[in-house]
Amino acid sequence: MRIIIEKDYQTLSKKAALILASQITLKPNSNLGLATGGTPLAMYKNLIKMYKKDEIDFSKVQTFNLDEYCGLSESNPNSYHYYMNHNFFNQINIKKDRINIPNGNAKNLNKECREYENSIKKAGGIDLQVLGIGSNGHIGFNEPAKNLNVNTEIVKLTKETITANSRFFESKADVPKRAISMGIATILKSNRIILLASGKNKAEAIKKTVSGKISTQIPASLLQTHPNITMLLDQEAASLIKEEDLETDFNCDSAK
Ligand SMILES: O=P(O)(O)OC[C@H]1O[C@](O)(CO)[C@@H](O)[C@@H]1O
């Protein structure tokens, strides 16, 4: 596990954008796995800036989003379809038919999950997956539980996640209770993963992800088994990581 600690959210977001840009430069037809939530917003802004300066070309890129709420239409401002179009896709030259986001409004949700998983396989898998993390350690919408989903499935959101995500909705009651999410194996099959985390409220989950025992109660801890994972953190999110867990050849503590 490579750990990069940046001064703050802005520098972390710039670095995340540079990692994506280098992936696309090296492989213009990359399959990118993308995340939503508050954390990647500034990364998307940086990528749009780079695109406008002619530094990146998204025309051959294909994207797969991690998750989507059940029951929200694409035009609902709280859906992840809307989030991605509004915050990213509408401002770059990606081809619409190369964008993949689970349809949380599909008539047959189980079929939708199976087809989503197959479309990732057919595309040859994900080259670079971007992840955020919930303060309970969830990745995608894979919530802490005794058993975790392997493949893309319908998931029930925990009270904690509903409360955390209610900041984007008019009221807590409006937050959907279910979502479609890539499973843990879907995520772990990606060639490279970068996980972004900013702020004190992520520090405990980050500590457990980096150095805790691997447990389905902290879904992100399973990332310890991945051969090419980079944790891109700001100082607050990294504040509970012990010094000795930073001392490996791979780790780069750029803020100190
Ligand atoms: O970046 P935020 O808003 O803290 O969200 C953390 C995680 O929770 C989610 O909103 C739900 O999966 C993710 O999209 C995100 O990675």
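Keep in mind that this is a model prediction, so the values were computed, not measured.

S.K.: Which parts of the structure should I look at to understand a positive patch on the surface?
M.R.: A surface patch of positive charge is lined by K14, K45, K49 and K53. Mapped onto the elements, K53 comes out in the loop between α2 (41-52) and β3 (62-65). Of the residues examined, K53 reaches a relative accessible area of 57% and is grouped as exposed.

S.K.: Help me out: how do you make sense of the UniProt feature "domain: Glucosamine/galactosamine-6-phosphate isomerase" (unreviewed entry) in the chain in this one?
M.R.: Mapped onto this structure's residue numbering, the UniProt feature "domain: Glucosamine/galactosamine-6-phosphate isomerase" (unreviewed entry) falls at residues 11-226. Taken end to end, residues 11-226 comprises 33% helix and 14% strand; its first and last C-alpha atoms sit 25 Å apart.

S.K.: It is not clear to me how the site of the ligand should be interpreted in this structure. Could you clarify?
M.R.: If you check the shell around the ligand, you find 14 residues, and the closest are G38, T39, G140, R167 and K202. Here an oxygen atom of the ligand sits 3.1 Å away from a polar atom, N or O, in the side chain of D67. Residue G140 places a main-chain N or O atom 2.6 Å away from an oxygen atom belonging to the ligand. Burial of the ligand by the surrounding chains reaches 96%, relative to a free accessible area of 380 Å². The pocket occupied by the ligand, as judged from atoms lying within 2 Å of grid points, is the largest pocket. Of the residues belonging to the shell around the ligand, the class tally is three nonpolar, eight polar and three charged.

S.K.: Could you clarify how one ought to interpret the sheet that holds strand β8 (residues 178-181) in this entry?
M.R.: To summarise the sheet geometry, strands pair through backbone hydrogen bonds and adopt either a parallel or an antiparallel arrangement. If you trace the three strands from one edge of the open sheet to the other, you get β4-β8-β7, paired in antiparallel fashion. Two strands close off the open sheet at either side, each with one partner strand: β4 (67-69) and β7 (153-156). In this sheet, adjacent strand axes meet at a mean angle of 30° when their direction is disregarded.

S.K.: Quick question: what am I supposed to make of helix α3 (residues 80-87) here?
M.R.: A turn of α-helix holds 3.6 residues, and therefore any two residues three or four places apart point the same way. Listing the buried residues of α3 in full gives Y80, H81, Y83 and M84. Here the buried residues of α3 occupy an arc of 165° about the axis, which is enough to place them on one side. Turning to α3, the residues buried within the fold contact β2 (31-34), α2, β3, β4 and α5 (159-165).

S.K.: When you look at the layout of surface pockets in this model, what are you seeing that I'm missing?
M.R.: Sizing a probe to match a water molecule and rolling it over the atoms shows the empty space that remains. One number sums up the size of the largest pocket: a volume of about 480 Å³. Lining the largest pocket we find 28 residues, and of these G37, I133, H138, N165 and K202 sit closest to its centre. For the lining of the largest pocket, the element with the highest residue contribution is α5, accounting for four residues. Split into classes, the residues belonging to the lining of the largest pocket amount to ten nonpolar, 14 polar and four charged. Within this model, the second largest pocket holds a volume of roughly 160 Å³. Looking at the second largest pocket, the residues that line it are G37, L41, Y69, P77, N78, S79, Y80, Y83, N87, F168 and F169. If one sorts the elements of the lining of the second largest pocket by residue count, α3 sits on top with three residues. Tallied by class, residues from the lining of the second largest pocket come to seven nonpolar, four polar and no charged.

Conventions adopted
- Within every chain, residues take consecutive numbers counted from 1 along the sequence as written.
- Only residues with pLDDT of 70 or above have their local features reported here, since the model is predicted, and side-chain atom pairs are shown and tallied only from 80 upward, although totals for entire chains, interfaces and linings are computed over all residues.
- Only hydrogens and water are set aside when side-chain values are computed; all heavy atoms of the structure are taken into account.
- A patch consists of residues exposed above 30% relative accessible area that lack any salt bridge, with like charges linked at up to 9 Å and nonpolar side chains (Val, Leu, Ile, Met, Phe, Trp, Tyr) linked at up to 5 Å.
- Note on areas: Shrake-Rupley, 1.4 Å probe, and residue coverage restricted to the protein chains presented here.
- Any carboxyl oxygen of Asp or Glu within 4 Å of a side-chain nitrogen of Lys or Arg constitutes a salt bridge here.
- We treat Lys and Arg as the positive residues and Asp and Glu as the negative residues; His and chain ends play no part in the count.
- A charge is said to be at NZ when it belongs to Lys, at CZ for Arg, at CG for Asp and at CD for Glu.
- The secondary structure listing takes helices from DSSP runs of H or I that are at least 4 residues long and strands from runs of E that are at least 2 residues long, numbered from the N terminus.
- Buried, partly exposed and exposed residues are distinguished by accessible area as a fraction of the type maximum, computed with a 1.4 Å probe on protein chains only: under 20%, between the cut-offs, and over 50%, respectively.
- UniProt positions are given in the numbering used here, feature names are shortened, and annotations may be inferred rather than shown by experiment.
- Summary of the distance rule: residues count as near a molecule or strand when at least one heavy atom falls within 4 Å of that molecule or strand.
- The term polar contact refers here to a pair of N or O atoms within 3.5 Å; inside protein, the definition further demands a hydrogen-donor-capable atom paired with an acceptor-capable atom, and it admits residues adjacent in sequence only when both atoms are side-chain atoms.
- Within this scheme a cavity is a closed region of a 1 Å grid, computed over the protein atoms alone, that accommodates a 1.4 Å probe without allowing it to escape, whereas a pocket is open but has protein on both sides within 12 Å along at least five of seven lines; lining residues each have an atom within 4 Å of a point.
- To decide whether a molecule occupies a pocket or cavity, check its atoms: if more than half lie within 2 Å of the grid points, it is inside.
- Following the grouping adopted for this structure description, the nonpolar residues are Ala, Val, Leu, Ile, Met, Phe, Trp, Tyr, Cys and Pro, the charged ones are Asp, Glu, Lys and Arg, and the polar ones are all others, Gly among them.
- Between any two strands, pairing holds if DSSP finds at least two bridges.
- Angular values range over 0 to 180 degrees, each being the angle between N-to-C directions of two axes fitted as lines to C-alpha atoms, with helices fitted over their stretch in contact.
- Each C-beta atom gives one direction from the helix axis, and the arc is the one those directions make.
- Working rule for contacts: check all heavy atoms of both residues, and any pair within 4.5 Å makes them a contact.
- Grid points are joined across faces, edges and corners, and a volume is the space filled by probe spheres set on the points.

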